[in-house]
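Each chain is listed here by its residues.
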Amino acid sequence: MVHTIPNSFKLSYYNEYKSYLSTMAGHEEKLFESIQCVEITSQVIMKITRHSQHELEKQLDPHVNGVLLGLINENKGVLEVTHCFPLMNNEIDEDIETNREYQLEMERSLRLVNIDYQQVGFYQSTYLNTHCDRNFLENVFVYLEEMKEAIAVIYDPLKTKLGNLNIRAFKLSLPAFRLYREEKDFTATMLKDNSLTFENLFKEIPVMVKNSALTNVLLCEIDRIQESTACLTLPTSSYLEKSMQMLLSGLDEVNQDLQKINLHQRNVYKQQQQLLQNVQKRKIENAQREKDGLNPLPEEDFSKQFKPPPPLGRLEPLLSSNRIAAHCEMIEEHVRNGIGKLYLADSFMS
């Protein structure tokens, strides 16, 4: 005997399922927006800078990365980074497996000595904001899949060498995370439907350095003893030159992407014209056959013969635009801080 499910029960089940999905979406959005600030201890910053400097001294890969450990203060909306450890570069599958085993062993060892062992993200060194690529986006997405509060800390050793500590924290925006979870490459329609641009692809979170009381006393003592001459230091042209080179390189990438888009649009337009010509030709033939007293030819679906080319992915142009915007911000900040000093030095020299 076959039992049929009442329509009222189906409707009730469907409404409960929709309610569950909306609840999960709201919970996900709440976790994404829960972190308003990132607190990093000075010990963690020293470990990151030492790791980067160590690789530079050995003339190895300057782009280092590692794992961040800490706690989440839900009441204050603060993610506290209290510990970190480095990783080797994942160039081959053996390195990936070695890193996985190394992470498990490190977490086990830290747990035994009562140190925070919860992973809260990863850190990565970069030069002149060149970190924004597909690999970085994939790494951020993987961490966010495991924990919605995870972050990525970016350290720039070149800018730090000039006297300004450059530590920034990022995470994927909620629209970008949901879109990347559904499709690994974005199209123009997807970006338009989700109101996603290079400006809101990543979300930057404020970073605050947390020191102990003794460290603050030591810093105050050093600041009192040493005479600060940072206000008289002129901006270096090499840093500005490198930034301009990276900006021009990014503009070349965007120009190449625009050429690909124009070529794709021309191909689509050419196919549409061929389709219209075939349809018009068939109409003319049928009109002539009707005049001759013949049966008209059946109307064919010419759209099956002309398949439109697949839409172009817009993820790479989006990342290139993000890098260009970052380069422009760096150049603006560098010039803004140094233009007054240059005018002052010029007046002294004249």
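Residues numbered from 1 in each chain as written. Predicted model: local features only at pLDDT ≥ 70, side-chain atom pairs only at ≥ 80, totals over all residues. Heavy atoms only, no water.

Student: Tell me about the overall build of the protein, and please be specific about residues and values.
Tutor: Helix and strand counts for the protein stand at ten helices and eight strands. A separation of at least 24 residues holds for 74% of the contacts in the protein among residues at least 6 apart in sequence. Of the roughly 23200 Å² of accessible surface on the protein, 55% is carried by carbon and sulfur atoms. (Helix = DSSP H or I, 4+ residues; strand = E, 2+ residues; numbered from the N terminus. Contact = heavy atoms within 4.5 Å. Areas by Shrake-Rupley, 256 points an atom, 1.4 Å probe, with all protein chains shown as cover.)

Student: For the sheet that holds strand β1 (residues 37-41), give the residues involved together with the corresponding values.
Tutor: Either a parallel or an antiparallel arrangement is found when strands of a sheet pair, and the pairing is made through backbone hydrogen bonds. Spatially, the eight strands line up as an open sheet ordered β7-β6-β5-β4-β2-β3-β1-β8, and their pairing is mixed. Where the open sheet ends on each side, the last strands, each with one partner, are β7 (202-205) and β8 (207-210). For this sheet the average axis-to-axis angle between neighbouring strands, irrespective of direction, equals 35°. As paired strands, strand β4 (residues 119-125) and strand β5 (residues 151-155) are joined by five bridges and run parallel to one another. (Pairing = 2+ DSSP bridges. Axes fitted to C-alpha atoms, helices over the stretch in contact; angles between N-to-C directions.)

Student: Which residues make up the pattern of salt bridges, and what are the values?
Tutor: Under the defined criterion, the tally for this structure stands at seven salt bridges. Residues E333 and K159 are paired through a salt bridge, measuring 3.1 Å at the closest nitrogen-oxygen approach. Of this pair, E333 sits in helix α10 (residues 315-349) while K159 is found in helix α5 (residues 157-161), placing the two residues 174 residues apart along the sequence. The closest approach of N and O atoms between R168 and E204, which form a salt bridge, is 2.9 Å. (Salt bridge = Lys/Arg side-chain N within 4 Å of Asp/Glu carboxyl O.)

Student: Tell me about the packing of aromatic side chains, and name the residues and values.
Tutor: The tally for this structure, following the rule as stated, stands at seven aromatic pairs. Summarising the aromatic geometry, the rings of F122 and F136 are spaced 6.1 Å apart at their centres and angled 65° between planes, so their arrangement reads as edge-to-face. With F122 in strand β4 and F136 in helix α4 (residues 134-146), this pair connects stretches of sequence that are 14 residues apart. In terms of burial, F122 and F136 fall into one category: buried. Judged by centre distance (6.3 Å) and plane angle (85°), the ring pair of Y180 and F186 falls under edge-to-face. (Phe/Tyr/Trp six-rings, centres within 6.5 Å; stacked < 30°, edge-to-face > 60°. Buried < 20%, exposed > 50% of the residue type's maximum accessible area, 1.4 Å probe, protein only.)

Student: Lay out the side chain of R168 in plain terms, naming residues and giving numbers.
Tutor: Take R168: it is sitting in strand β6 (residues 167-172). Using a relative accessible area of 18% as the deciding quantity, one classes R168 as buried. Those residues in contact with R168 that lie beyond four places of it in its chain are N129, A152, V153, I154, E204, V207 and E329.

Student: Give a detailed account of the side chain of E149, specifying residues and quantitative values.
Tutor: Residue position: E149 is located in the loop between α4 and β5. Although E149 is buried, it forms no salt bridge, and the closest oppositely charged side chain is K171 at an N-O distance of 6.8 Å. Filtering out sequence-adjacent residues up to four positions away, E149 remains in contact with L31, S34, I35, I72, L79, V120 and K171. (Lys, Arg positive; Asp, Glu negative; His and termini not counted.)

Student: Tell me what's going on with the pairing of strand β3 (residues 78-87), and back it up with residues and numbers.
Tutor: Consecutive side chains along a regular strand alternate between the two faces of the sheet. With seven of ten residues buried, β3 lies mostly within the body of the structure. Sheet topology note: the β1/β3 ladder contains four bridges and is parallel. Residue pairing across strands places E39 opposite E80, the latter belonging to β3. Counted between consecutive antiparallel strands, the loop separating strand β2 (residues 65-73) from β3 contains four residues, among which G77 sits at a positive phi close to 70°.

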